[in-house]
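Notes for the structure review
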Amino acid sequence: MLKNLLYILFFVSFGLIGQTKVSGYVFDESNEPVPFSNIIFKGSTEGTISDENGKFYLESENSYKELEVSFVGFETKLIPLGKSNFDLRIVLMEGRDQLKEVTIYSGRIKRKNNPAINILKKIWAQKRKNGLNMYDRYEFDRYEKIEFDLNNIDDKLMDRKIFEGMEMVFDQIDTSKITGKVYLPIFINESVYKTYGKNIYPRKKNSIMEANKNSGYSDNQALISFLKQLYVDFDIYDNYLLFFDKKFSSPLSKLGPDVYNYVLTDSSFIDNKWCYNILFYPRRKNELTFKGDFWVSDTTYAIKEIQMYATKNANVNWVKDIYIEQEFEVLNDSAFLLTRDYIMTDFSLNQKDKSKGVYGKRTTLYDNHIFNVKRSDDVYKEQIQDNEAMYNQSDDFWAKNRQEKLSKNEIGIYQMLDTLQNVKRFQQINTFGEILASGYWNFTHGWDFGPVFSTVGYNDIEGLRLKAGARTYFSQNDKWRVKGYLAYGFMDTKFKYGIEGKYLFKGKDRWILSFGTRKDIEQLGVSLTTSNEVLERSFATTSIFTRGDNSKLSNIDLTNVKVSFEPIKNVDLRIGTTYKTLESADPEKFNVDYFDENGDIQSSIEQVDVSFAVQYTPNRNSYGFGVERSISNRGRYPTFFFSYTKGIKGVFNSDFDYHKLQFYYEQPMQLGLFGRLRSTFEIGKTWNPVPLQLLNIVPGNQTFFTSKTLFDLLDYYEFITDEYVSLHLEHNFNGKIFAKIPLIRDLQWREIIGIRGVIGGISQANRDINASDIVYVAPENIYWEYHFGIGNIFKLFRVDFEYRGSYRDAPNATNFAVKVGFGFYF
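Residues numbered from 1 in each chain as written. Predicted model: local features only at pLDDT ≥ 70, side-chain atom pairs only at ≥ 80, totals over all residues. Heavy atoms only, no water.

**Here's the deal with the overall build of the protein chain**
Per the secondary structure count, the protein chain includes nine helices and 46 strands. Looking at the protein chain residue by residue over its 826 residues, the buried ones come to 52%. At a minimum sequence separation of 6, the contacts of the protein chain that also span at least 24 residues come to 63%. Working note: accessible area of the protein chain is about 39100 Å², and carbon and sulfur atoms make up 56% of it. (Helix = DSSP H or I, 4+ residues; strand = E, 2+ residues; numbered from the N terminus. Buried < 20%, exposed > 50% of the residue type's maximum accessible area, 1.4 Å probe, protein only. Contact = heavy atoms within 4.5 Å. Areas by Shrake-Rupley, 256 points an atom, 1.4 Å probe, with all protein chains shown as cover.)

**Topic: the packing of aromatic side chains**
A full pass over the atoms with the stated rule returns 44 aromatic pairs. Ring geometry for Phe 719 against Tyr 807: centres 5.1 Å apart, planes inclined by 70°, an arrangement best described as edge-to-face. With Phe 719 in the loop between β40 (696-697) and β41 (720-721) and Tyr 807 in the loop between β45 (797-804) and β46 (816-822), this residue pair connects regions lying 88 residues apart in the sequence. In this structure Tyr 807 comes out as partly exposed when scored by relative accessible area, which is 24%. Taken together, Trp 784, Tyr 786, Phe 788, Tyr 803 and Phe 816 form an aromatic cluster joined through their ring pairs. (Phe/Tyr/Trp six-rings, centres within 6.5 Å; stacked < 30°, edge-to-face > 60°.)

**A few points about the sheet that holds strand β3 (residues 47-49)**
Strand order in this open sheet of four strands is β3-β2-β5-β6, and the pairing throughout is antiparallel. One side of each edge strand has no neighbouring strand; the edge strands of this open sheet are β3 and β6 (77-80). For this sheet, the mean angle separating the axes of adjacent strands, direction not counted, is 20°. Alignment of strand β2 (residues 38-41) against strand β5 (residues 66-70), held across four bridges, turns out to be antiparallel. When the sheet's bridge partners are listed, Phe 41 is paired in β5 with Leu 67. (Pairing = 2+ DSSP bridges. Axes fitted to C-alpha atoms, helices over the stretch in contact; angles between N-to-C directions.)

**Topic: a nonpolar patch on the surface**
Residues Phe 474, Trp 480, Tyr 503, Phe 505, Leu 513, Phe 515 and Val 561 make up a contiguous nonpolar surface patch of about 660 Å² in total accessible area. Among the elements of the structure, β28 (494-506) and β29 (511-522) are those that each provide at least two residues to the nonpolar patch. (Patch = residues over 30% accessible without salt bridge, like charges linked within 9 Å, V, L, I, M, F, W, Y side chains within 5 Å. Salt bridge = Lys/Arg side-chain N within 4 Å of Asp/Glu carboxyl O.)

**Section: the pairing of strand β17 (residues 273-282)**
Across the ten residues that make up β17, a large majority, eight, are buried. Here ten bridges tie strand β16 (residues 260-270) to β17, and the two strands are oriented antiparallel to one another. Bridge assignment links Tyr 262 to a residue of β17, and that residue is Phe 280. Following β16, the chain reverses through two residues before pairing antiparallel with β17; Asp 271 in that reversal takes a positive phi of roughly 50°. With six bridges connecting them, β17 and strand β18 (residues 290-297) associate as antiparallel partners. Bridged to Leu 279 within β18 is Asp 293.

**Focus on the pattern of salt bridges**
Taken as a whole and judged by the stated rule, the model has 41 salt bridges. With its nearest N and O atoms 3.9 Å apart, the salt bridge here joins Lys 198 to Asp 377. Here Lys 198, found in strand β12 (residues 182-198), pairs with Asp 377, found in the loop between β22 (357-371) and α6 (395-401); they are 179 residues apart in sequence, far enough to count as distant. The exposure class of Lys 198 is buried, given its relative accessible area of 7%.

**What to know about empty space enclosed by the protein**
Tallied over the full model, the rule gives two cavities of 30 Å³ or more. In this structure, the largest cavity spans a volume of roughly 70 Å³. Taken together, Ala 310, Thr 311, Lys 312, Ala 314, Val 316, Val 319, Lys 320, Asp 321, Ile 322 and Gln 351 make up the full set of residues lining the largest cavity. Here the lining of the largest cavity takes four residues from strand β20 (residues 319-331), the largest share from any one element. Looking at the lining of the largest cavity residue by residue, the classes come out as five nonpolar, two polar and three charged. Estimates place the volume of the second largest cavity at around 40 Å³. Considering the residues around the second largest cavity, the lining is formed by Arg 481, Lys 483, Glu 500, Gly 501, Lys 502 and Glu 628. (1 Å grid on protein atoms, 1.4 Å probe; cavity = no way out; pocket = protein on both sides within 12 Å on 5 of 7 lines; lining within 4 Å. Points joined across faces, edges and corners; volume = space filled by probe spheres on them. Nonpolar A, V, L, I, M, F, W, Y, C, P; charged D, E, K, R; others polar.)

**Comments concerning unusual backbone geometry**
Leave glycine aside and you will find that most residues have negative phi; peptide bonds, for their part, are mostly trans. Residues Tyr 201 and Pro 202 are joined by a peptide bond in cis, for which omega reads -10°. In this structure, Pro 451 follows Gly 450 across a cis peptide bond, with omega equal to 0°. Within the element layout of this structure, Pro 451 appears in the loop between β24 (446-449) and β25 (456-459). Of note, Asn 734 is a non-glycine position whose phi angle comes to about 55°, a positive value. Mapped onto the elements of the fold, Asn 734 is located in the loop between β42 (723-732) and β43 (750-761). Given the relative accessible area of 15%, Asn 734 is considered buried. Residue Asn 812 is not a glycine yet carries a positive backbone phi of 60°. If you trace the backbone, Asn 812 turns up in the loop between β45 and β46.

**Details of the side chain of Asp 722**
For Asp 722, the position within the fold is in the loop between β41 and β42. Once residues lying within four places of it in the same chain are set aside, the contact partners of Asp 722 are Gly 684, Lys 685, Thr 686, Leu 695, Asn 696, Gly 761, Ile 762, Ser 763 and Asn 766.

**With respect to the side chain of Thr 578**
Its place among the elements puts Thr 578 in strand β31 (residues 571-584). Filtering out sequence-adjacent residues up to four positions away, Thr 578 remains in contact with Asn 532, Leu 558, Thr 559, Asn 560, Gln 607, Val 608 and Asp 609.

**Observations regarding the confidence of the model for the protein chain**
Taken over all residues, the pLDDT of the protein chain has a mean of 84, while the share at 70 or more is 88%. Under a pLDDT of 50 for its full length, residues 1-18 has, in the predicted model, five contacts with residues more than four places off or in other chains. Note on residues 96-107: pLDDT under 50 across the span, and 22 contacts to partners over four residues away in sequence or across chains. (pLDDT = per-residue confidence, 0-100.)

**Quick notes on the nonpolar core**
Across soluble globular proteins, nonpolar side chains show a tendency to be buried alongside one another. Core analysis: the biggest nonpolar cluster contains 51 residues, and Ile 123, Ile 236, Phe 243, Phe 248, Phe 290, Phe 294 and Ile 303 have the highest contact counts within it. Ignoring any residue separated from it by four or fewer positions in sequence, one finds Phe 243 in contact with Phe 234, Phe 248, Phe 290, Ile 324 and Ile 343. With 25 residues, the next largest nonpolar core counts Leu 582, Tyr 716, Tyr 776 and Ala 778 among its residues. (Core = buried A, V, L, I, M, F, W, Y, C linked by side-chain atoms within 4.5 Å.)

**Some remarks on the pairing of β29**
Of the pairings in the sheet, the one linking β28 to β29 comprises nine bridges and is antiparallel in character. The residue bridging Leu 504 from the neighbouring strand is Ile 512, located in β29. For β29 and strand β30 (residues 554-568), the ladder comprises eleven bridges, and the chain directions are antiparallel. Across the sheet, residue Asp 520 finds its bridge partner in β30, namely Ile 556.

**Some points on the sheet that holds strand β4 (residues 55-60)**
With mixed pairing, the three strands of this open sheet are ordered in space as β4-β1-β7. Edge positions in the open sheet fall to β4 and β7 (88-91), since each of these has one partner strand only. Averaged over neighbouring strand pairs, the angle between their axes works out to 35° when direction is ignored. Examined bridge by bridge, strand β1 (residues 20-27) and β4 share six bridges and lie antiparallel to one another. Each residue of the ladder has a partner; that of Ser 23, found in β4, is Tyr 57.

**Some remarks on the environment of Ser 44**
Summarising the element assignment, Ser 44 is placed in the loop between β2 and β3. One polar contact links the side chain of Ser 44 to the main-chain carbonyl oxygen of Phe 41, over a distance of 2.7 Å. There is a polar contact of 3.1 Å between the side chain of Ser 44 and the backbone nitrogen of Glu 46. (Polar contact = N/O pair within 3.5 Å; in protein donor to acceptor, adjacent residues only side chain to side chain.)

Here it is as structure tokens:
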């Protein structure tokens, strides 16, 4: 027993001796912080960069005796390391820079005769000759690990009541090698992929997920989808790198010298390759930039290693720090291939160093590269994945396919969360989080109550409205799902209901059969492009947050049967038929009468139609294989939608025969450092005369909230068309302009501008059958409105100032309004 104890003490002591941790601040002789100074363990390539306040933390598994600190314009300083190396105060003395070719002025470095810039130009010239771009075809294995950790753990946090009964979680506490903060792992997700790609025309790339595993949250669809959205793949050689829907300037960009300073600081052998070390840091504040350094080969000018930190004053919400490191492997003395990609983000409510937060970490490893092996073209095509086995792989599979072993604490996450599933306090916290994320409350196995946020409503017809809804939910990959609700209005004293069922009857090509029926009150005309989704109900139906009259509501009784399938990934085809009746919810306040073919006045519509629709969403990433899937990159891909609807007269007493064509196109675009542009284009036409409720109503917005799809200054039914063209443009500068204004930039507000327009017509035949109290007016001359907004107020709100550009003299026209918006955005 004593012998075993001595072995344990030996290995523990060895582990402590072979580890070096150091932290502190770097100042100049005037006691001013020296930001972006270079700190490395002497005799190694292990180092870091001080932040904007001169603060740094560096950790190594090896033992070192000296720390080397340097910055352009100062003498290099060696710091002896002892037993305690925390909170060091390091003062650099001004001196002649050893890199004589570089001229220093006002903290910036001139580009002319800068050896670092000369090396950068060679990197640009060679970048297409490096890595996977050198080969016609390639394939490799990819292992991805996403982890969430609570950070800044201290005794005060551990003593809080919220952790009562869950004290065992603190057995997994560890210290970050990047920041030196104490953290507690709480979630881990692992994936294994096989990737096939080709660089010859047409260029294609297909990643096939072979396995996926979660710790304790395998059924929390909202959480998993959120995690997948956080991180996207990027190429360090690109001009811009996308993180959290923001484009950061890459330090390897051809535009880099406009936003970064570069300093050649060192040279050394790495894996028998002579490499240069270049330090980079931003030239200006409040821009989406990084600080860090990279090692580059002196022959191929390919990156060997790079580490970088996002600057503290980057305008990204809920994010305190972003750290990135990449490692590349030399293949055949020429090709440098990415082998390790690591990203760590510190999510927090504020920027205070000691504030509690959450680390989001993604580690991606690449291995087993194979080149120029000819495969069938089908291998390179993106395919729908419905392999249920990938979520249930054995422990032996994971042991074989993990490219790096889990740490002791990571293994403990699986064990800890399995235990916590039976702890009441944890169940309560988990339930609350699921309600916030998904809007549903799991009140018993297989059944969710919700959406909880639409339980209470109000409008001028129903008065106070109470609604109770539910859905089946056994797992995120259910092959069938049923949703329904029951509602009651206290003013009209009527019950309303809706129910819908979906069944995935063929996983390949995702064949889904849907059936549903709904009887309810609805605000029609809040979308130009219409759909027959059974349980959709517009927010405009409630008048709690509306201006003016909200009595133009309709009774709708709808039944729909639909089949959808996905023959090609992200191409959805839908064929369905609908029977519906439409009438005014209160004829005294809202008359929708029309003349039938005999000249008699009718107040209701019975209609049968069949429809065919195609939706194409290129680059959309879906998660799961059940009847309903989550989207992991929502809002980052374009959407094309085309539909044809044929109204059939005579079937089940259907009243009208008509044809309707509609096209919808939405495109989000990142415009480099200038922000994000979102555009929406719609065009449509209806043939043959139909009454008001079947026409194309230009969507107004009488709520106090701005909307990207509505015309904010129009009232409901202000414009009626049977043919239309519409365009919406909105640009968010992400603080690009405000960042240059003193004091204002500290608020991190974001500038928004937008314009909307529509042009359309209404035929005389449709005017002739109108007997309603709505006078048909079409925007035969372009109707347009524009707005200026300030976003990111308290990180949550936006305020828009809306102006009408035309039809300003129309009766009761709203020519100006102030509207608000709310949302969680990075």
